[in-house]
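# Overview (structure and organization)
Read off the chains here:
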Amino acid sequence: MIEFEQVTKRYPGGHEALSEVSLAIAQGELVFLTGHSGAGKSTLLKLVAAIERPTSGHVIVNGQNVSRLKRAAMPYFRRNIGLIFQDHKLLYDRSVFDNVLLPLHIQGLTGQDAAKRARAALDKVGLLGRERARPITLSGGEQQRLCIARAIVSRPALVLADEPTANLDEAYANDIMDMFRAFNQVGVTLVISTHDLDLVRRYGGRALTLDHGRLAA
Amino acid sequence: MKAWLSHNLHSLGIALERMRSAPLATLFTVLVIGIALSLPAGLYLALGNFKQVAGNLHSQTEISVFLKADVDAGRGRALAGRLQARPDIETAHFVDRAAGLEQLRAAGLGDITTALPANPLPHVLLLEPGEASPEGLRTLSEHLAGLPEVELVKLDADWARRLAALMRLGEDLVALLAALLGLALAAITGNTIRLQIYAQRDEIEVARLIGATDRFIRRPFLYFGALQGLAGGIAAWGLIALSLAALQGSVSLLATSYGTTYAIAALAWHEAAALLGASTLLGLAGAYFAVGHTLRGLDKA
């Protein structure tokens, strides 16, 4: 599903976020990405989602070489990936329901079919009762769950989550991890970055540790 | 096809919603566009009306043909008859020298005429040409001057030529004004769209991250530009109609003083359709350039 070959990412200014990282993640895996802050976790996820391009090396996702992806092909590539952001990136000028509807509209799905799927996604994250609310009125945990609903509503094969439990207390964090495990059980590949090693220990699964941009053994 | 339609309706809905959410700003922009468009459209209309009035004047152009002193009334009448038969002459009217003197007296110049020992006037033919173009008039008057009975042909062709030149100038002015203010319309729309894109950059960023194509992002803005242009065109139409209604009173007064009546011609349906079509297209064009340019700018940021 995901393959990194000798990937280096250097930002303008010379900071090297990733250095010669090689890794492979198979379809259906649940992988934790750990490491101190600034270790390169976010950069790695951004490279997978083609938000950043590698300075050298190859990133291959779903059989596509991300660095050679044409601008016109980018939207269709992104539609196979569900992105969950640490800062949620919700749209605050519209309802919870409309936030979840957006990916479906982008893919050309409108009307009753889209509404049905959006409700199903909200139901999965336990926000069905809040669909008319504005995202700003939701708690941090609820906003994170809304972000998850938006990421999974178009049923992507790969979900990337950047510190999804960072600002949540343990009960909320466990809720969200249970959700991720449920997705994984129906075949979704998940890559979750976290600096919470307890969480990784509790849930098991494969862990990749980054240290100053290098993959620790 | 159905998906395409629902996509476009969706984008149209978003554009309308954006207009509705800022009614005052939308109103002002539409008004500015309307005023900008009503200037060339109004001038065009004024020119059309002026042409119509001037056209009536034209057909009243007269050529005065003064006959030689030794030509008697009989030869003069015969010449009038011959000229009348020409296709480029509407009417040829023979004015006897005695009748001419009468006319002068009637015009209040009796004092001068009584002081003269004899009638100094020649016989005159008053011709109303059928054709009013300056070139046609010149050829006709040259032909008339060549006739053996004719002493002098008096044709004030200059004013006809000047009027035609003035009309040309007016038309050029309309075209120039239309081009300039059309550009202004596109620029106004472009700027509105640019501000909107900056206001919506979060949404655009998120939409990009979850797989929106450029077309998907662009479409609501294009609809917005076209709608705003259309609304501006309708505003211009309304402004022109209002101005005409306001002017009709004074125009009637002016016409009455000339002993006629005149109703100002409003924009014909096909002209109004052209106005609305052009304003919509210009709005769309402004939006298109602004969206392309601003989105590329956001990409770099």
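In case you missed it, the structure is sitting above this.
The following refers to the structure shown.

Rules used throughout
- Residues numbered from 1 in each chain as written.
- Chains lettered and ligands numbered in written order.
- Predicted model: local features only at pLDDT ≥ 70, side-chain atom pairs only at ≥ 80, totals over all residues.
- Heavy atoms only, no water.
- Helix = DSSP H or I, 4+ residues; strand = E, 2+ residues; numbered from the N terminus.
- Rg over C-alpha atoms; globule rule 2.2 N^0.38 Å.
- Buried < 20%, exposed > 50% of the residue type's maximum accessible area, 1.4 Å probe, protein only.
- Contact = heavy atoms within 4.5 Å.
- Pairing = 2+ DSSP bridges.
- Axes fitted to C-alpha atoms, helices over the stretch in contact; angles between N-to-C directions.
- Phe/Tyr/Trp six-rings, centres within 6.5 Å; stacked < 30°, edge-to-face > 60°.
- Polar contact = N/O pair within 3.5 Å; in protein donor to acceptor, adjacent residues only side chain to side chain.
- Buried area = accessible area lost by both parts, 1.4 Å probe.
- Salt bridge = Lys/Arg side-chain N within 4 Å of Asp/Glu carboxyl O.
- Nonpolar A, V, L, I, M, F, W, Y, C, P; charged D, E, K, R; others polar.
- Patch = residues over 30% accessible without salt bridge, like charges linked within 9 Å, V, L, I, M, F, W, Y side chains within 5 Å.
- Areas by Shrake-Rupley, 256 points an atom, 1.4 Å probe, with all protein chains shown as cover.
- Core = buried A, V, L, I, M, F, W, Y, C linked by side-chain atoms within 4.5 Å.
- Parallel < 35°, antiparallel > 145°, perpendicular 65-115°, else oblique.
- Left-handed = near helix turned anticlockwise from the far one by under 90°.

## Re the overall build of chain A
- Each helix and strand in chain A was counted, giving 7 helices and 10 strands.
- Against the compact-globule benchmark of 17 Å for 217 residues, chain A has a radius of gyration of 17 Å, which places it among compact chains.
- Taken over the C-alpha atoms alone, chain A extends approximately 45 × 40 × 35 Å along its principal axes.
- Counting over 217 residues, chain A shows a buried share of 53%.
- Taking all contacts inside chain A whose residues are at least 6 apart in sequence as the whole, residues at least 24 apart take part in 70%.

## Notes on the sheet that holds strand β4 (residues 56–61) of chain A
Residue and element names in this part refer to chain A.
- The antiparallel open sheet is built from 4 strands, whose spatial order is β2-β1-β4-β5. Where the open sheet ends on each side, the last strands, each with one partner, are β2 (16–25) and β5 (64–65).
- As defined by bridge partners, strand β1 (residues 2–10) adjoins β2 across 6 bridges and the pair is classed as antiparallel. Considered in β2, the bridge of Glu-3 is made with Ala-24.
- Along the sheet, helix α1 (residues 41–48) contacts β1, β2 and β4; its crossing angle with β1, the most-contacted strand, is approximately 120 degrees.

## Focus on the packing of aromatic side chains
Residue and element names in this part refer to chain B.
- Scanning the entire structure with this criterion turns up 3 aromatic pairs over all chains.
- An angle of 85 degrees between the planes, with centres 5.8 Å apart, marks the rings of Trp-237 and Trp-269 as edge-to-face. Of this pair, Trp-237 sits in helix α8 (residues 214–257) while Trp-269 sits in helix α9 (residues 269–300), and the two are 32 residues apart along the sequence.
- Looking at Trp-269, the relative accessible area reads 70%, which means it is exposed.

## Details of the side chain of Thr-294 of chain B
Residues and elements named next belong to chain B.
- In this fold, Thr-294 is placed in helix α9.
- On the basis of relative accessible area, Thr-294 is assigned to the buried category, the value being 4%.
- Here Ala-290 takes part through its backbone oxygen, which lies 2.6 Å from a polar atom of the side chain of Thr-294.
- Setting aside anything within four residues of it in sequence, one finds Thr-294 in contact with Arg-194, Ile-197 and Tyr-198.

## Side note on helix α7 (residues 201–209) of chain B
- Inspection of α7 of chain B places Glu-203, Ile-204, Val-206, Ala-207, Arg-208 and Leu-209 of chain B among the buried residues, and these make up the whole buried set.
- Phi turns positive one or two residues past the end of α7 of chain B, at Gly-211 of chain B, with a value near 95 degrees.

## Some remarks on the interface of chain B and chain A
- Contact residues are listed per partner, giving 17 residues for chain B and 19 residues for chain A.
- Contact between chain B and chain A buries roughly 1,700 Å² in total, counting both sides, with carbon and sulfur atoms accounting for 61%.
- Linking chain B to chain A there are 3 salt bridges.
- The interface formed by chain B and chain A contains 6 residue pairs in polar contact (both at pLDDT 80 or more).
- Put simply, the parts of the chain that give the side of chain B that touches chain A at least two residues each are α1 (2–21), α7 and α8 of chain B.
- In the side of chain B that touches chain A, the residues fall into 6 nonpolar, 5 polar and 6 charged.

## Some points on a nonpolar patch on the surface
- Side chains of Leu-24, Leu-27, Phe-28, Leu-31 and Ile-35 of chain B sit close together on the surface and give an oily, nonpolar patch of about 480 Å² of accessible area.
- Position of Leu-24 of chain B among the secondary structure elements: in helix α2 (residues 23–58).

## Some details on the nonpolar core
Residues and elements named next belong to chain A.
- Among the nonpolar cores identified, the biggest contains 71 residues, and Ile-2, Phe-4, Leu-44, Leu-158, Leu-160 and Phe-180 are the most heavily contacted of them.
- Take this core: its biggest share by element is 6 residues, from helix α5 (residues 140–152).
- Phe-4 has contacts with Val-21, Ser-22, Leu-23, Leu-44, Leu-47, Val-48, His-58 and Val-59, leaving out every residue within four places of it along the chain.

## So, the pattern of salt bridges
- With the rule as written, the count across this model stands at 17 salt bridges over all chains.
- Close ionic contact of Glu-52 of chain A with Lys-9 of chain A constitutes a salt bridge, the shortest N to O distance being 3.6 Å. Here Glu-52 of chain A is found in the loop between α1 and β4, whereas its partner Lys-9 of chain A is found in strand β1, with 43 residues between them in sequence.
- With its nearest N and O atoms 2.8 Å apart, the salt bridge here joins Arg-94 of chain A to Glu-203 of chain B. Of this pair, Arg-94 of chain A sits in the loop between β6 (81–84) and α3 (96–106) while Glu-203 of chain B sits in helix α7, each in a different chain.
- A single network of salt bridges, built from pairs that share partners, joins Arg-71 of chain A together with Arg-208 and Asp-214 of chain B.

## Structural notes on the packing of α3 of chain A against α5 of chain A
Residues and elements named next belong to chain A.
- Two elements in contact, α3 and α5, have axes whose closest approach is 7 Å; the angle formed by their N-to-C orientations is 30 degrees. Here α3 lies roughly parallel to α5, going by the angle between them. Seen from above, α3 lies across α5 with right-handed handedness. In this structure, α3 contributes Val-96, Asn-99, Val-100 and Pro-103 to the contact, and α5 contributes Leu-146, Ala-149 and Arg-150.
- For the contact of α3 with α5, the residue count by class is 5 nonpolar, 1 polar and 1 charged.

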